[in-house]
Amino acid sequence: MPATRRSPAERTLAAASRVDLLHILQRGGSHTVGALARATGLHENTTREHLARLVHDGYAVRAPEERTVRGRPRMLYRAASADDARHDPIAMGRLEESIAHVALTKVLISGFGRDLGPTREAARSAGRALTAPGGALEPPLDGDRPADDDRSPAAEQRQLDALEGHLDRLGFDPERDDETLRVDLWRCPFLELARERPDVVCSVHLGLASGVLEAAGGPLAADRLRPFVGREHCVLELRRDRPGLVDVDLSEARP
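Summarised in this report is the structure supplied together with it.

Some words on helix α4 (residues 44–56)
Two residues of an α-helix separated by three or four positions point the same way, owing to the 3.6 residues in each turn. In this model, α4 (13 residues) spans 18 Å end to end at C-alpha, consistent with the 18 Å of a helix rising 1.5 Å per residue. Of all the positions in α4, only Thr47, His50, Leu51 and Leu54 are classed as buried. Viewed along the axis of α4, the buried residues span an arc of 100 degrees, placing them on a single side of the element. In α4, those exposed residues whose orientation departs by more than 90 degrees from the buried face are Glu49 and His56. Of the residues trailing α4, Gly58 is marked for its positive phi of about 90 degrees.

Let's talk about the nonpolar core
Counting residues in hydrophobic clusters, the biggest one holds 23 residues, and the most contacted among them are Leu163, Leu167, Val183, Leu185, Leu225, Leu236 and Leu238. At the level of elements, α8 (153–169), β4 (182–185), α10 (198–216), β5 (220–226) and β6 (234–240) are the ones that each hand at least two residues to this core. For this core, the leading source of residues is α10, giving eight residues. If near-sequence neighbours (up to four positions away) are discounted, Leu185 is found in contact with Leu167, Phe172, Asp173, Pro174, Leu225, Glu232, His233 and Cys234.

Here's the deal with the packing of helix α3 (residues 33–40) against α4
Their axes nearest at 9 Å, the elements α3 and α4 cross at an angle of 105 degrees. When the axes of α3 and α4 are compared, the pair comes out roughly perpendicular. Between α3 and α4, the residues in contact are Val33, Gly34, Leu36, Ala37 and Thr40 and Glu44, Thr47, Arg48 and Leu51, respectively. Split into classes, the residues belonging to the contact of α3 with α4 amount to four nonpolar, three polar and two charged.

What about the pattern of salt bridges?
Counted according to the given criterion, the structure contains 10 salt bridges. Here Glu44 and Arg48 are joined by a salt bridge, their closest N and O atoms 3.7 Å apart. You can see Glu44 and its partner Arg48 sitting in helix α4, four residues apart, about one turn around the helix. For Glu44, a relative accessible area of 34% corresponds to the partly exposed category. The class for Arg48 is partly exposed, based on a relative accessible area of 39%. For the salt bridge of Arg226 with Glu237, the shortest nitrogen-to-oxygen distance reads 2.8 Å.

So, unusual backbone geometry
Both trends apply: most residues other than glycine have a negative phi, and most peptide bonds are in trans. Here Asp173, not a glycine, exhibits a phi torsion of approximately 50 degrees, which is positive. Structurally, Asp173 is set in the loop between α8 and β3 (174–177). Non-glycine residue Phe228 carries a positive phi angle of around 55 degrees. Looking at Phe228, the relative accessible area reads 2%, which means it is buried.

Regarding the sheet that holds β4
Strand order in the open sheet formed by four strands is β3-β4-β6-β5, with antiparallel pairing between adjacent strands. Strands at the two margins of the open sheet, each flanked by one partner only, are β3 and β5. With direction set aside, neighbouring strand axes in the sheet form an average angle of 20 degrees. Note that β5 and β6 share six bridges and pair antiparallel. Directly across from Leu220, in β6, lies its bridge partner Arg240. Where α10 meets the sheet, it contacts β5 and β6, and its direction lies at approximately 165 degrees from that of β5.

Parameters at a glance
- Residue positions are counted from 1 within each chain, in the order its sequence is given.
- With pLDDT at 70 or above as the cut-off, local features in this predicted model cover only qualifying residues; side-chain atom pairs require 80 or more to be listed or tallied, and sums for whole chains, interfaces and linings still use all residues.
- Only heavy atoms go into the side-chain values, all of them from the structure, while hydrogens and water stay out.
- The helix and strand labels rest on DSSP assignments: H or I over at least four residues marks a helix, E over at least two residues marks a strand, and numbering proceeds from the N terminus.
- Helices are assigned an expected span. That span is 1.5 Å times one less than the residue count.
- Each residue is assigned to one of three classes by its accessible area relative to the maximum for its type, calculated with a 1.4 Å probe on protein chains only: buried under 20%, partly exposed between the two thresholds, exposed over 50%.
- The reported arc concerns the directions from the helix axis to the C-beta atoms and nothing else.
- Nine residue types can take part in a nonpolar core, namely buried Ala, Val, Leu, Ile, Met, Phe, Trp, Tyr and Cys, and a core is a set of them joined through side-chain atoms within 4.5 Å.
- Two residues qualify as a contact provided that any one of their heavy atoms is within 4.5 Å of a heavy atom in the partner residue.
- Here, axes are lines fitted to C-alpha atoms. For helices the fit covers the stretch in contact, and angles between N-to-C directions go from 0 to 180 degrees.
- Here the word oblique covers every angle except those under 35 degrees (roughly parallel), over 145 (roughly antiparallel) and from 65 to 115 (roughly perpendicular).
- Asp, Glu, Lys and Arg are counted as charged, while Ala, Val, Leu, Ile, Met, Phe, Trp, Tyr, Cys and Pro are counted as nonpolar; the rest, among them Gly, fall into the polar class.
- A pairing counts as a salt bridge when a side-chain nitrogen of Lys or Arg comes within 4 Å of a carboxyl oxygen of Asp or Glu.
- We call two strands paired when DSSP finds no fewer than two bridges between them.

See the structure below:
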């Protein structure tokens, strides 16, 4: 069996502690190692190691504080910004990946240990909130949005392109079949969470797909998500013209 592939963002943000640190940095401001260690409950040396990885991979910036008195300045950490990445396309991509990953992780973790209600409603609300205009995972779309009643091949192609780009950005390694309206997902960036609670994780992912298709505009909608048809292989099935969102199909799941 071939080795599991992981994207750079997935490797960097695989540790929950690094996600926690990045979440704090993305709230704004500059922070010392000591303040970040206290906020996360980590040892300062462990905090430094995680911050070094975030800085090395372009998610955070390390700079000395500005001092008006004598003394060695402290090193401060902040989240990388669009200004930092503007002249570095690789850094810009990493910044977008980190924002998306942290936002989605927060939604998924918030669903553990509490009653989400019917999975259909949970998927709708999570997907629409994250992919709505101004949402953390709003899909970047080129050109004008087609009219809601546009059933043209061009509108359908736009939806498929938007969905594939969105899933690729989040690290699902999508492979789409336009004829069968099927998208094979060969990697799950949230594999352990999905194995523990597929009802939560897979429903949110189905909601995200639905939200992207709605945002792009056209005849396609998310029909169902079949999780774990293989070790890390899931299948997203689309449909034309029928309203509503079908629940996650766990009948074939093999965690």
